[in-house]
Amino acid sequence: MRVVFVHGACAQDADWWWNRMVEPLAALGLESRSVELPSCGERAGAAYRADLYADADAVRSVLDQEPGHPALLCGHSYGGMVITDAAAGRDDVSHLLYITAVVPDRGESLASLAGPEPAPWVVPRDDGTVVPNTAVDLRDAFLHDCDEEAEAGAFRRLGPQSQAVFAQAPRGIAWHKTPSTYVVCTGDRATPPAKQREFARRASGVIDLPTGHHPFLSHPGLLADLIGEVARGVGE
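Undergrad: Give a description of the sheet that holds strand β7 (residues 161-162) that names residues and reports values.
TA: Reading across from one edge, β5-β6-β7 is the order of the three strands in this open sheet, with antiparallel pairing throughout. The strands lining the two open edges of the sheet, one partner per strand, are β5 (122-124) and β7. Where β5 and strand β6 (residues 129-132) come together, three bridges link them in antiparallel fashion. Looking at the pairing, proline 124 lines up with valine 130 of β6.

Undergrad: Pulling in residues and values, what's your account of the sheet that holds strand β9 (residues 205-209)?
TA: The six strands are arranged β2-β1-β3-β4-β8-β9 in an open sheet whose pairing can be described as parallel. Each having just a single partner strand, β2 (31-35) and β9 make up the two edges of the open sheet. Averaged over all pairs of adjacent strands, the angle between strand axes in this sheet comes to 20°, irrespective of strand direction. With five bridges connecting them, strand β8 (residues 180-185) and β9 associate as parallel partners. Paired with valine 183 across the strands is isoleucine 207, a residue of β9.

Undergrad: Go over the pattern of salt bridges with me, naming the residues and quoting the values.
TA: Evaluated as defined, the whole model comprises 17 salt bridges. Among the ionic pairs, arginine 20 bridges to aspartate 147, the shortest N-O distance being 3.0 Å. Taken together, the residues span a long stretch of sequence, with arginine 20 in helix α1 (residues 14-27) and aspartate 147 in the loop between α5 (138-142) and α6 (148-156) at a distance of 127 residues. Exposure remark for aspartate 147: the relative accessible area of 36% places this residue in the partly exposed category. Here arginine 90 and aspartate 64 are joined by a salt bridge, their closest N and O atoms 2.6 Å apart. Remark: aspartate 64 occurs in helix α2 (residues 52-64) and arginine 90 occurs in the loop between α3 (79-86) and β4 (93-99); sequence separation between them is 26 residues. Looking at arginine 90, the relative accessible area reads 17%, which means it is buried. On the basis of relative accessibility, which here comes to 47%, the residue aspartate 64 falls in the partly exposed class.

Undergrad: Tell me about the packing of aromatic side chains, and please be specific about residues and values.
TA: All told, the structure shown has five aromatic pairs when counted by the stated rule. Ring geometry for tryptophan 16 against tryptophan 17: centres 5.0 Å apart, planes inclined by 85°, an arrangement best described as edge-to-face. A residue is classified by how much of its surface remains accessible, and tryptophan 17, at 3% relative accessible area, is buried. Seen from their ring centres, tryptophan 18 and phenylalanine 216 are 6.3 Å apart, and the 50° between their planes marks the pair as tilted. Of this pair, tryptophan 18 sits in helix α1 while phenylalanine 216 is found in helix α8 (residues 215-218), placing the two residues 198 residues apart along the sequence. We classify tryptophan 18 as buried; its relative accessible area is 1%. By relative accessible area, phenylalanine 216 is classed as buried at 1%. One aromatic cluster in this structure is built from Phe5, Trp18 and Phe216.

Undergrad: Which residues make up the packing of α2 against α3, and what values do they have?
TA: It is at 8 Å that the axes of α2 and α3 come closest, and there the two elements cross at 65°. As α2 packs across α3, the resulting crossing turns out to be right-handed. In contact with Leu52, Tyr53, Asp55, Ala56, Val59 and Arg60 of α2, α3 contributes Met81, Val82, Asp85 and Ala86. Grouping the amino acids of the contact of α2 with α3 by side-chain chemistry returns seven nonpolar, no polar and three charged.

Undergrad: A description of unusual backbone geometry should follow, citing residues and the corresponding values.
TA: Trans peptide bonds make up the majority, and among non-glycine residues the majority have a negative phi. Phi at aspartate 13 is positive, roughly 65°, even though this residue is not glycine. As for its placement among the helices and strands, aspartate 13 is situated in the loop between β1 (2-6) and α1. Overall, aspartate 13 belongs to the partly exposed group, its relative accessible area being 34%. At threonine 100, a residue that is not glycine, the phi angle is positive and equals roughly 35°.

Undergrad: Give me the nonpolar core: which residues, what numbers.
TA: Counting residues in hydrophobic clusters, the biggest one holds 36 residues, and the most contacted among them are Leu73 and Leu96. Sorting the residues of this core by element identifies β1, α2, β3 (71-76), α3, β4, α4 (110-114), β8 and α7 (193-200) as the ones contributing at least two each. No other element matches the six residues that α2 contributes to this core. If near-sequence neighbours (up to four positions away) are discounted, leucine 73 is found in contact with Val4, Val6, Val59, Ile83, Ala87, Val93, His95, Leu96 and Leu97.

What counts, and at which threshold
- Residues numbered from 1 in each chain as written.
- Predicted model: local features only at pLDDT ≥ 70, side-chain atom pairs only at ≥ 80, totals over all residues.
- Heavy atoms only, no water.
- Pairing = 2+ DSSP bridges.
- Helix = DSSP H or I, 4+ residues; strand = E, 2+ residues; numbered from the N terminus.
- Axes fitted to C-alpha atoms, helices over the stretch in contact; angles between N-to-C directions.
- Salt bridge = Lys/Arg side-chain N within 4 Å of Asp/Glu carboxyl O.
- Buried < 20%, exposed > 50% of the residue type's maximum accessible area, 1.4 Å probe, protein only.
- Phe/Tyr/Trp six-rings, centres within 6.5 Å; stacked < 30°, edge-to-face > 60°.
- Left-handed = near helix turned anticlockwise from the far one by under 90°.
- Contact = heavy atoms within 4.5 Å.
- Nonpolar A, V, L, I, M, F, W, Y, C, P; charged D, E, K, R; others polar.
- Core = buried A, V, L, I, M, F, W, Y, C linked by side-chain atoms within 4.5 Å.

Rendered as structure tokens:
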């Protein structure tokens, strides 16, 4: 089984965010890779015109590169919106893993789930994007349990995100048919555990992880063991 990772909002250099997971997953016999999201501007200027559907189509394109090879599709934070759309109607996605993620149902957008006001972590711009809000303590909210190298690397890779993604609902709802597990990061200060548990009610199963918002940076071995456990369950 391959593990395909979809990162959250305002994140660039997709491979970097998942890099600490590659080795521990390989030790468990799991191939892994990450997906670049157009709405985060990873291709020149893409954030100014891309949307949720472009992100989901990018995930589908990665899945299509290995037809018939079953995938465990992991969505982190905003990535939960993406995998919900991307895996809908696909037989090659064996399981969905939501890591402190949004889990939308039919007709639900990020805006409808979070409320009409923009999150305090981002600032809207006139060019149709949002950017991280450096006026608030992003480290304390998102990276408080990460080492200095991870923290510095994360801040270098923050960038614009298309505003369009906040208003769009998924075209299909994968978790209606595809088994799923929700990972509640109990130390997350950005997405409170109580909010995560609301989303987790939509998943087939729930596992608690004692980490902050980015366990693949702060505790990669711990998250890899969890993913391995889920993968073994899928294969049984």
